[in-house]
Amino acid sequence: KTRVIDVRKDGEYAAEHVDEAFHKPLASINEWINELDTTTPFVLHCQSGYRSMITASILQARGIRNFVEVIGGFKAIAATPIKTSDFVCQSKVLKA
């Protein structure tokens, strides 16, 4: 099974995400980067591709290359048959 790492913000992830994706926000990359398994491949994505591109650059600069980026991010994933969680409006997530 492919590991998926979602680097979006908390509210974006809470609103909808790929089933069983790991939530590792770009904003806290220095907290989780050393926990990555560098032997098992994974897929990296954000909402549209910009933040995953930044994350990929940071990972590569630190010698981590066992991943692929999703071109178009979660927007592209949501348009495929890949299973995602049920959508929850972010305004409701923020109130929780």
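Note: the structure precedes this text.
Because the structure is a prediction, the values reported are computed rather than measured. (Residues numbered from 1 in each chain as written. Predicted model: local features only at pLDDT ≥ 70, side-chain atom pairs only at ≥ 80, totals over all residues. Heavy atoms only, no water.)

(A) The arrangement of the layout of surface pockets in detail. As a volume, the largest pocket reaches approximately 210 Å³. Lining the largest pocket we find Lys-1, Thr-2, Arg-3, Val-4, Val-18, Asp-19, Glu-20, Ala-21, Phe-22, Val-43, Ile-82 and Lys-83. (1 Å grid on protein atoms, 1.4 Å probe; cavity = no way out; pocket = protein on both sides within 12 Å on 5 of 7 lines; lining within 4 Å. Points joined across faces, edges and corners; volume = space filled by probe spheres on them.)

(B) View of the nonpolar core. Counting 14 residues, the largest nonpolar core has Val-7, Leu-36, Phe-42, Leu-44, Leu-59 and Phe-67 as its most contacted members. Going through the elements one at a time, helix H2 (29–32), strand S3 (42–45) and helix H3 (50–61) are the ones with two or more residues in this core. Beyond its immediate chain neighbours, meaning those up to four positions away, Val-7 contacts Lys-24, Pro-25, Leu-26, Trp-32, Leu-44, His-45, Cys-46, Arg-51, Ser-52 and Thr-55. Among the nonpolar cores identified, the runner-up in size contains eight residues, and Val-4, Val-18, Phe-74 and Ile-77 belong to it. (Core = buried A, V, L, I, M, F, W, Y, C linked by side-chain atoms within 4.5 Å. Buried < 20%, exposed > 50% of the residue type's maximum accessible area, 1.4 Å probe, protein only. Helix = DSSP H or I, 4+ residues; strand = E, 2+ residues; numbered from the N terminus. Contact = heavy atoms within 4.5 Å.)

(C) Main features of the packing of aromatic side chains. Under the counting rule described, the total for this entry stands at one aromatic pair. Between Phe-42 and Phe-67, the aromatic rings sit 5.5 Å apart at their centres with planes inclined by 25°, giving stacked as the arrangement. Taken as a pair, Phe-42 in strand S3 and Phe-67 in strand S4 (residues 67–69) lie far apart in primary sequence, 25 residues in all. Its relative accessible area of 1% is what places Phe-42 among the buried residues. The cationic tip of Arg-8 hangs over the ring face of Phe-74; the distance from NZ or CZ to the ring centre is 4.4 Å. (Phe/Tyr/Trp six-rings, centres within 6.5 Å; stacked < 30°, edge-to-face > 60°. Lys NZ or Arg CZ within 6 Å of the ring centre and 35° of its normal.)

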